[in-house]
Number of protein chains: 2
Amino acid sequence: MQPALNHRIGDKSLRRGYADAMALSDICADCAVRDHALCGSLDDRELDALNSLGQKRRIARGETLIWAGDDNLICANLLSGVMKMVASTSDGREQIVGLLYPADFVGQPYREEADFSITALTDAELCVFPRLPFQRVLEDHVRMERLLLQRTLQTLNEARNRMLTLARKSASERVAGFLLDMEVRAASAGCRATPTGPATFDLSLTRGQIADVLGLTIETVSRQLTKLKEAGLIRLPGGRAITISNRDALERRAEAA
Amino acid sequence: MQPALNHRIGDKSLRRGYADAMALSDICADCAVRDHALCGSLDDRELDALNSLGQKRRIARGETLIWAGDDNLICANLLSGVMKMVASTSDGREQIVGLLYPADFVGQPYREEADFSITALTDAELCVFPRLPFQRVLEDHVRMERLLLQRTLQTLNEARNRMLTLARKSASERVAGFLLDMEVRAASAGCRATPTGPATFDLSLTRGQIADVLGLTIETVSRQLTKLKEAGLIRLPGGRAITISNRDALERRAEAA
DNA sequence: CGCGTTTTTGAACGCCGTCAAATAATGTGG
DNA sequence: CCACATTATTTGACGGCGTTCAAAAACGCG
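Residues numbered from 1 in each chain as written. Chains lettered and ligands numbered in written order. Predicted model: local features only at pLDDT ≥ 70, side-chain atom pairs only at ≥ 80, totals over all residues. Heavy atoms only, no water.

### Things to note about the sheet that holds strand E7 (residues 117-120) of chain B
Within a sheet, neighbouring strands are paired by backbone hydrogen bonds and run either parallel or antiparallel to one another.
Residues and elements named next belong to chain B.
Step number 1: Spatially, four strands are ordered E2-E7-E4-E5 in an open sheet, and the strand pairing comes out antiparallel. Only two strands of the sheet have a single partner each, and these edge strands are strand E2 (64-66) and strand E5 (94-100). Going across the sheet, the axis of each strand differs from the next one's by a mean of 30 degrees, ignoring polarity.
Step number 2: Both strand E4 (residues 83-88) and E5 contribute to a ladder of six bridges, which runs antiparallel. Pairing of Ser-88 across the sheet is with Glu-94, part of E5. (Pairing = 2+ DSSP bridges. Helix = DSSP H or I, 4+ residues; strand = E, 2+ residues; numbered from the N terminus. Axes fitted to C-alpha atoms, helices over the stretch in contact; angles between N-to-C directions.)

Structure representation (structure tokens):
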């Protein structure tokens, strides 16, 4: 089905099919997320097999990679940027069911039709694979399949915890919990050495997107943030930055009605 | 904090490993769910390997197999009965994050601590496996691992759709959708030949359990059911039976605020 | 029949959504 | 760099949906 591309071509950009594949292969060498993505489980030779399928693709903020309801044609690895996975009702109500960060796997393997839309919240880069060939690679590479299983299990756990939040927690619990989650992610992205002190970070989401994640409205999110500010638990230095000035209190509020 | 679980003492446990394994192995031969459970992917020889680990276990209605927060020691296949998977807040609010039916896989592989409690809603039977050895079997049997991956992906999809429901749908949409879901399950369990006509079935859940699934209260569920009855979409013949007398209208109500 | 449990029904409250408007932030072309 | 347009956020007023609290009715089981 796919030509084996184990040989190198001197000038990468001369010809199309081959050139793209090789370009991707080269990029893997200094891929920012390779160690954290699914392909981290592959050795160089296996990587070639995957690369012969994949194409690197840039996407602008606001662009939608996959539309719910369409044929489910592709999977991907997210290289940079942030994306959202959205479920929606027929009359347009929306819920973000997952945020995707660099090294995350994107898409729904073994699904004929896409159930959710996937849209870029920032400019983003991905390695995109056609779904069916990707599934075949998956089945030929146990370690990758295993890694996907473990990630999927982890994602499922998170989804279930989110159900508890969406169904049973108050607006102030949701917002407080969300800020703590985002702080953890920001910290691990920035790899700050000091886990102490007032942590300032940028939550690159609009109020509307936060609302979509938390199952609230823009107004409620905004009101809760000002409440937290007035209570002295956080500061809002402007833009989309957040300073957590009293994490203990924030953690308490994250699990008290 | 909770009753000890793995101390079931019976005549069989006098002669350990072998007797149990053979007993289980024998039972597999006429296992009601074998073709639908994960072990359906194993041949007889492989089944032996799994069986040497497993123990068949009966559980009474209301008993809890796994407690959230405990060490995550076991996985299982559900043979008969219905169980619930519950997430809860520190102050006791609960949400059912999954219902488990015969042939479903039970537990959280690759997790050190159980995140959710798993409790029997009816008397139930399971094949219980210690988690770590089970994981090893999983890794030695690609087909089973693949099957688990595919199931997990499917479950994740369902979880994400549930997020939409919990976050954005009205009480009447939730109840209508729930009845339709249960009807599908009841129909597939009973394998009715006629997909037409007024379908009567038993939703073996109490109002409280329905409320726990839908993220509502008992009162709200009850009120919505009477509304549906008064609107002529369903009948409540008593007990926990439901008759769907106008499925089209019910489907419309399931996705209209 | 009598008792405990589940379900239904009623009444009042409160959280959050909706609608509306003011203010702040961001971007754009001149 | 500013003036202006656009978008995002904050703030306010109000109402509705679902919860909470309470009690009656129906059911199940000895």
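Still more ground to cover, so stick around.
### Some details on the protein's contact with DNA strand D
Step number 1: Contacts to DNA strand D come from 17 residues, most closely from Arg207(A), Ser222(A), Thr226(A), Ala171(B) and Thr220(B).
Step number 2: For DNA strand D, the fraction of atoms within 4 Å of the protein that belong to sugar or phosphate moieties is 64%.
Step number 3: Between Ala171(B) and DNA strand D, the recorded distance is 2.6 Å, taken from a backbone N or O atom to a phosphate oxygen.
Step number 4: A distance of 3.1 Å is found between a base nitrogen of DNA strand D and a side-chain nitrogen or oxygen belonging to Glu219(B).
Step number 5: Breaking the surface near DNA strand D down by element, the ones donating at least two residues are helix H7 (218-230) of chain A together with helix H7 (218-230) of chain B.
Step number 6: Class assignment of the residues belonging to the surface near DNA strand D gives a composition of three nonpolar, eight polar and six charged. (Near = heavy atom within 4 Å. Polar contact = N/O pair within 3.5 Å; in protein donor to acceptor, adjacent residues only side chain to side chain. Nonpolar A, V, L, I, M, F, W, Y, C, P; charged D, E, K, R; others polar.)

### Structural notes on the relation of the copies chain B and chain A
Step number 1: Mapping chain B onto chain A leaves a residual RMSD of 0.1 Å; the transformation is a rotation of 180 degrees accompanied by 0.0 Å of translation along its axis. The superposition operator between the copies reduces to a two-fold rotation axis.
Step number 2: Both copies contact each other with a shared surface, as 100% of the interface residues of chain B are interface residues in chain A too. (Least-squares fit on C-alpha atoms with pLDDT ≥ 70 in both. Contact = heavy atoms within 4.5 Å.)

### Focus: H7(A)
Residue and element names in this part refer to chain A.
Step number 1: The end-to-end C-alpha distance of H7, which contains 13 residues, comes to 18 Å, matching closely the 18 Å that a straight helix rising 1.5 Å per residue would cover.
Step number 2: Taken as a whole, H7 has its buried residues at Val-221, Gln-224, Leu-225 and Leu-228. In an axial view of H7, the angular spread of the buried residues amounts to 100 degrees, which keeps them on one side of the axis. The exposed residues of H7 that point more than 90 degrees off its buried face are Arg-223 and Glu-230.
Step number 3: At the exit of H7 stands Gly-232, carrying a positive phi of roughly 80 degrees. (Expected span 1.5 Å × (residues − 1). Buried < 20%, exposed > 50% of the residue type's maximum accessible area, 1.4 Å probe, protein only. Arc of directions from axis to C-beta.)

### Some thoughts on the environment of Gly239(A)
Step number 1: Structurally, Gly239(A) is set in the loop between strand E10 (234-235) and strand E11 (241-244).
Step number 2: Judged by its relative accessible area of 74%, Gly239(A) falls in the exposed class.

### Here we look at the packing of aromatic side chains
Step number 1: Evaluation of the coordinates by the stated rule reveals four aromatic pairs over all chains.
Step number 2: Taken together, a centroid distance of 5.4 Å and an interplanar angle of 25 degrees make the contact between Phe105(B) and Phe134(B) stacked. Of the two residues, Phe105(B) is situated in strand E6 (residues 105-106) and Phe134(B) in helix H3 (residues 131-140); the sequence distance between them amounts to 29 residues. Assigned by exposure class, Phe105(B) and Phe134(B) land together as buried.
Step number 3: Cluster of aromatic residues (ring-pair linked, three or more members): Phe105(A), Phe129(A) and Phe134(A).
Step number 4: Its end group placed over the ring of Tyr101(B), Arg185(B) keeps NZ or CZ at 3.7 Å from the ring centre. (Phe/Tyr/Trp six-rings, centres within 6.5 Å; stacked < 30°, edge-to-face > 60°. Lys NZ or Arg CZ within 6 Å of the ring centre and 35° of its normal.)

### Notes on the environment of Asp44(A)
Step number 1: Mapped onto the elements, Asp44(A) comes out in helix H2 (residues 44-51).
Step number 2: Taking the relative accessible area as the measure of exposure, Asp44(A) reaches 54% and is therefore exposed.

### Observations concerning the protein's contact with DNA strand C
Step number 1: As a structural note, the neighbourhood of DNA strand C is formed by 17 residues, with Ala171(A), Thr220(A), Arg207(B), Ser222(B) and Thr226(B) the closest of them.
Step number 2: Of what DNA strand C places within 4 Å of the protein, 64% of the atoms are sugar or phosphate.
Step number 3: The side chain of Glu219(A) places a nitrogen or oxygen atom 3.1 Å from a base nitrogen of DNA strand C.
Step number 4: Interatomic distance of 2.7 Å between a side-chain N/O atom of Ser222(B) and a phosphate oxygen of DNA strand C.
Step number 5: Every element with two or more residues in the surface near DNA strand C is listed here: H7 of chain A together with H7 of chain B.
Step number 6: Taken together, the residues of the surface near DNA strand C sort by class into three nonpolar, eight polar and six charged.

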